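This is what each chain is made of:
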Amino acid sequence: MSGSDKPELIINGKRLDGRGMDELRDIRIEAKVIKNAIGSAYIEWGNNKILAGVYGPKEALPKHVSDPERAIIKCRYAMSPFSSLEEHGRTGPNRRSTEISKVTKETFENVMLLEQFPGSEIDLFIDVLQADGGTRAAGITAAAVALASSGIPMSDIPYAVSVGKVGSELVLDMNKIEDNYSDADLPLSISPRTGDILLLQMDGNMTKEEIKRAIEMAKKAGQKISDIQKAALKLSYERTLEKYKI
Ligand code: ADP
């Protein structure tokens, strides 16, 4: 511990879990894990465990929320009561989960071809079973695979990752303890095909130069995340082909 109660997060150039500054945690994704959803995915991202499920397109209800020009996306991110060591309080929606649901929905509005389903809704559920920092990024990454596996047309499969700042160092993909004691956190969601940034939030302060570097770090890591997403989709299709002996 340093002067205050703040633990040292970087010791001899390594983070507490042994990672370098630009190293991702291990990521494992499985697509099509829920039979009754049109699309689904399960992700293990470090110690995060998250399920994403997609339903629809179906008639948007209540009627007044429907859009005659395009489908609407309804997104609900939730943490399970046992997902974190900390006291959760009530398990219903709260300010944080409402915000994460909103930014997740906005990420996907940029890449889903919603005009193909006027008057409909697409429901996206993200359930955090185990949380260890960076669940919004891991949730978006899983949701992208779930949506792609549903066959609803998309122009791209986005990924998300967060870049933090510890003292003067930028660190990729912070875990919970890093998130608790870091000086800044910049979650990003990116479209790999175009490089467009679909989500950018910031907690704490970074200079313009640091933000630029953080985006570069996220994009570099994104190549790896994207590959894992695509491999999960490919494997799920191969399994289907095998099952039906196609
Ligand atoms: P993110 O999960 O995207 O990093 P936050 O920065 O809001 O989102 O939260 C950081 C981490 O703190 C979460 O991943 C989770 O481990 C923990 N956490 C956040 N909110 C709660 C909560 N209400 N109860 C328990 N743990 C929480």
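Refer to the preceding data block for the structure.
So, how was this worked out
- Residues numbered from 1 in each chain as written.
- Predicted model: local features only at pLDDT ≥ 70, side-chain atom pairs only at ≥ 80, totals over all residues.
- Heavy atoms only, no water.
- Helix = DSSP H or I, 4+ residues; strand = E, 2+ residues; numbered from the N terminus.
- Rg over C-alpha atoms; globule rule 2.2 N^0.38 Å.
- Buried < 20%, exposed > 50% of the residue type's maximum accessible area, 1.4 Å probe, protein only.
- Contact = heavy atoms within 4.5 Å.
- Areas by Shrake-Rupley, 256 points an atom, 1.4 Å probe, with all protein chains shown as cover.
- Lys, Arg positive; Asp, Glu negative; His and termini not counted.
- Charge placed at Lys NZ, Arg CZ, Asp CG, Glu CD.
- Expected span 1.5 Å × (residues − 1).
- Core = buried A, V, L, I, M, F, W, Y, C linked by side-chain atoms within 4.5 Å.
- Pairing = 2+ DSSP bridges.
- Axes fitted to C-alpha atoms, helices over the stretch in contact; angles between N-to-C directions.
- Polar contact = N/O pair within 3.5 Å; in protein donor to acceptor, adjacent residues only side chain to side chain.
- Parallel < 35°, antiparallel > 145°, perpendicular 65-115°, else oblique.
- Left-handed = near helix turned anticlockwise from the far one by under 90°.
- Nonpolar A, V, L, I, M, F, W, Y, C, P; charged D, E, K, R; others polar.

Asks: Explanation requested: the overall build of the protein in the structure shown.
Replies: Within the protein one finds four helices and 12 strands. For 246 residues, the compact-globule estimate of 2.2 N^0.38 gives 18 Å, and the C-alpha radius of gyration of the protein, at 18 Å, lies within 12% of that figure. Dimensions of the protein, computed from C-alpha atoms along their principal axes, come out at roughly 60 × 45 × 35 Å. Evaluated residue by residue, the protein yields a buried proportion of 48% over its 246 residues. Contacts in the protein between residues far apart in sequence, at least 24 positions, make up 67% of those at least 6 positions apart. Working note: accessible area of the protein is about 12,800 Å², and carbon and sulfur atoms make up 52% of it. Side-chain charges in the protein split into 34 positive and 36 negative, and the spacing between the mean points of these groups amounts to 4 Å.

Asks: Is there a simple way to think about helix α2 (residues 135–150) in this case?
Replies: Taking 1.5 Å as the rise per residue, α2 with 16 residues should run 22 Å; its terminal C-alpha atoms sit 22 Å apart, in good agreement. For α2, the buried fraction is high: 16 of the 16 residues fall into the buried class. Once α2 ends, the next one or two residues include glycine 151, with phi positive near 85 degrees.

Asks: Please explain the nonpolar core as it appears in this structure.
Replies: Soluble globular proteins tend to pack their nonpolar side chains together in the buried interior. Ranked by internal contacts, the top residues of the largest apolar core, which has 59 residues, are Phe108 and Met112. Residue contributions to this core peak at 10 residues, all from α2. Ignoring anything within four residues of it in the chain, the contact list for methionine 112 reads Ile73, Ile122, Leu147, Ile152, Pro153 and Met154. In terms of nonpolar packing, the next biggest core, distinct from the first, is built from five residues, Leu9, Val166, Val171 and Met174 among them.

Asks: I keep staring at the sheet that holds strand β4 (residues 39–45) and nothing clicks. Help me out?
Replies: Each strand in a sheet pairs with its neighbour through backbone hydrogen bonds, running either in the same direction (parallel) or in the opposite one (antiparallel). Across the sheet, five strands lie side by side as β3-β4-β5-β7-β6; this open sheet has mixed pairing. The open sheet terminates on both sides in strands that have one partner only, identified here as β3 (27–31) and β6 (72–79). Along the sheet, successive strands turn relative to each other by an average axial angle of 15 degrees, direction set aside. In terms of strand pairing, β6 meets strand β7 (residues 120–130) through eight bridges, oriented parallel. Note on β7: the bridge partner recorded for arginine 76 is phenylalanine 125. Against the sheet, helix α1 (residues 95–109) contacts β6 and β7, and its axis sits at roughly 140 degrees relative to β6. With respect to the sheet, α2 is in contact with β3, β4, β5 (48–59), β6 and β7, its orientation differing from that of β4 by roughly 150 degrees.

Asks: Sorry, what's going on with the side chain of glutamate 121 here?
Replies: Positionally, glutamate 121 belongs in strand β7. Classification of glutamate 121 by relative accessible area gives buried; the value is 4%. At 3.0 Å, the side chain of glutamate 121 forms a polar contact with the backbone nitrogen of leucine 61. Within the structure, the side chain of glutamate 121 is placed 2.8 Å from the side chain of lysine 74, a separation counted as a polar contact. Those residues in contact with glutamate 121, other than ones at most four positions away along the chain, are Tyr55, Gly56, Pro57, Lys58, Glu59, Ala60, Leu61, Ile72 and Lys74.

Asks: Would you explain the packing of α1 against α2 in this entry?
Replies: The axes of two packed helices give the description: the angle between them and the distance between them. Two numbers describe how α1 lies on α2: the axes approach to 11 Å, and their chain directions differ by 40 degrees. Classified by the angle their axes make, α1 and α2 are oblique. Between α1 and α2 lies a crossing of right-handed hand. On α2, the residues touching Arg96, Glu99, Ile100, Thr104, Thr107 and Phe108 of α1 are Thr135, Arg136, Ile140, Ala143, Ala144 and Leu147. Looking at the contact of α1 with α2 residue by residue, the classes come out as six nonpolar, three polar and three charged.

Function cannot be read off these values alone, since they describe shape.
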